[in-house]
Amino acid sequence: MRVLLAGASGAVGTPLTRQLIAAGHQVVGITRSAANAERLRNAGAEVVVADVMDRGDLLAALRGVAADAVVHQLTNLGTTKIRQARLGTNALRTTGTAHLLEAARAVGAHRFITQSIVFGYGYRDHGPRVITEDAPFGEPIPGTLGTVVAALRSNEEQVFTADEIEGISMRYGFFYGQDAFTRMIVNAVRRRRLAVPTSGGGFGNFIYLDDAAAATVAALEKGRPGQAYNIVDDEPVRFADYVDTLAAELGAPRPRRLPGWVFRAIPYLHAIISTSMRVSNAKAKRELGWTPAVPSYREGLRLVASAMR
Ligand SMILES: NC(=O)c1ccc[n+]([C@@H]2O[C@H](COP(=O)([O-])OP(=O)(O)OC[C@H]3O[C@@H](n4cnc5c(N)ncnc54)[C@H](OP(=O)(O)O)[C@@H]3O)[C@@H](O)[C@H]2O)c1
């Protein structure tokens, strides 16, 4: 397939570009930057330089480009400014998705894969029940988190209801691997700058970046139109256990414990670490023939530590 990949230079886009090309697909990567364009060409992709938020710029840059599928891997999470990251990512999931659906029509693509995240099931303690794709997703909630959830819902609704488009959504868990964010966590753990709540926090669902990319290739080839797939590994883990395991792998001291209320000073962080869910990847395994090569944080953090030693 010829794949127009928005976000080809990002955390999941980088391994995805590599894996798509290795599987015999052609990649046309969208980036705003000349430096990333160069990197993508070196990886074997063709490149379109455009800002997806600028509809006119995007459609003009795509003139003469043809593709069978569009993959939306855009976020604005590469900034440490939480508000900016949230607003930018919300815009990419609402307006950005609308622009990319127009782009799909312009290039003649009939398949569209979009990036989502398991937090669409709701920022709360879901208890011990296992969450499948049938659970309510994107249900309205008040406040700042409500805008995040509304953007996640808009992203999927647009993709699932677009005329003559086979829309598929990848509801990823937390990414980790050989990316900038994981490196930042590694550095914070080494300097003992990362603390965890005394309670241990909720259960989180992680996915090694190469596995997230492999699931996306599988969804492109085998995913059913109109379906969402949870892309998480086999073992949800409490945040404190995840961070303790990373510290042990790095030979760093055990991270400090702080009372839960201290984390309320950063509401978004507090919402994330107090959310608890056990998400099932059974549908992705069954329908996509995908299985995570890194089945849990134990193997994944060993890989992270050995790469960053
Ligand atoms: N599920 C998760 O846990 C999750 C999900 C996403 C990200 N993250 C984390 O967040 C961190 C940053 O991730 P990331 O590198 O993927 O995100 P990012 O730095 O925000 O970049 C995402 C991609 O989107 C592209 N992009 C953003 N806005 C664009 C626009 N207006 N027009 C065209 N392209 C645009 C960027 O391309 P250019 O800059 O080349 O233009 C880049 O390829 C990573 O550490 C990652 O692990 C986590």
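Residues numbered from 1 in each chain as written. Predicted model: local features only at pLDDT ≥ 70, side-chain atom pairs only at ≥ 80, totals over all residues.

> Would you mind going over the overall build of the protein chain with me for this structure?
Tallying secondary structure elements over the protein chain gives eleven helices and 15 strands in all. A globule of 309 residues ought to have a C-alpha radius of gyration of about 19 Å, and the protein chain, at 19 Å, matches this closely. Structurally, the protein chain occupies a C-alpha span of about 55 × 40 × 35 Å along its principal axes. The 309 residues of the protein chain split such that 45% are buried. In the protein chain, the proportion of contacts linking residues at least 24 apart, taken out of those at least 6 apart, comes to 77%. (Helix = DSSP H or I, 4+ residues; strand = E, 2+ residues; numbered from the N terminus. Rg over C-alpha atoms; globule rule 2.2 N^0.38 Å. Buried ≥ 20, exposed ≤ 12 C-beta atoms within 10 Å, placed from the backbone. Contact = placed C-beta atoms within 7 Å.)

> Got a minute to help me understand the site of the ligand in this structure?
Near the ligand, the surroundings consist of 28 residues, among which G10, R32, L77, G78 and F181 are the closest. When contributions to the shell around the ligand are tallied by element, the ones reaching two or more residues are β2 (26-31), β8 (174-176) and α6 (180-190). (Near = placed C-beta within 6 Å.)

> Which parts of the structure should I look at to understand the environment of V70?
On the secondary structure map, V70 appears in strand β4 (residues 69-72). On the neighbour-count criterion, V70 (27 C-beta atoms within 10 Å) is buried. Sequence separation of V70 and A213 is 143 residues, and the distance between their C-alpha atoms is 15 Å. Not counting residues up to four positions away in its chain, the partners in contact with V70 are L4, L100, A103, A104, A109 and F112.

> What exactly am I supposed to notice about helix α8 (residues 239-250) here?
Given 3.6 residues per helical turn, the α-helix brings residues three or four places apart onto the same face. When the terminal C-alpha atoms of α8 are compared, their 17 Å separation across twelve residues agrees well with the 16 Å that a helix rising 1.5 Å per residue should span. When we look at burial in α8, the residues that qualify are F239, A240, Y242, V243, L246, A247 and E249. Where α8 is buried, its residues contact α6, β9 (195-197), β10 (203-204), β13 (237-238), α9 (267-274) and α11 (297-307). Just downstream of α8, G251 is the residue with a positive phi angle, here 70°. (Expected span 1.5 Å × (residues − 1).)

> Explanation requested: unusual backbone geometry in the structure shown.
Working note: non-glycine residues mostly have negative phi, and peptide bonds are mostly trans. With a phi angle near 55°, E164 is a residue other than glycine that sits in the positive phi range. With respect to the element layout, E164 can be found in the loop between α5 (143-161) and β7 (166-172).

> What is the right way to look at α11 in this model?
Along α11, the residues classified as buried are Y297, G300, L301 and V304. Seen from one end, α11 has its buried residues packed into an arc of 95°, which puts them on one side. Where the residues of α11 are buried, they touch β8, α6, β11 (206-208), β13 and α8. (Arc of directions from axis to C-beta.)

> Please explain the sheet that holds β4 as it appears in this structure.
Two modes of strand pairing occur in sheets, parallel and antiparallel, and in both the strands are linked by backbone hydrogen bonds. Strand order in the open sheet formed by seven strands is β3-β2-β1-β4-β5-β7-β12, with parallel pairing between adjacent strands. The open sheet has two edge strands, β3 (46-49) and β12 (227-231), and neither has a second partner. On average, each strand axis in the sheet is inclined to that of its neighbour by 20°, with strand direction left out of account. Contacts from α5 reach β5 (111-117), β7 and β12, with the element oriented near 165° to β5. (Pairing = 2+ DSSP bridges. Axes fitted to C-alpha atoms, helices over the stretch in contact; angles between N-to-C directions.)

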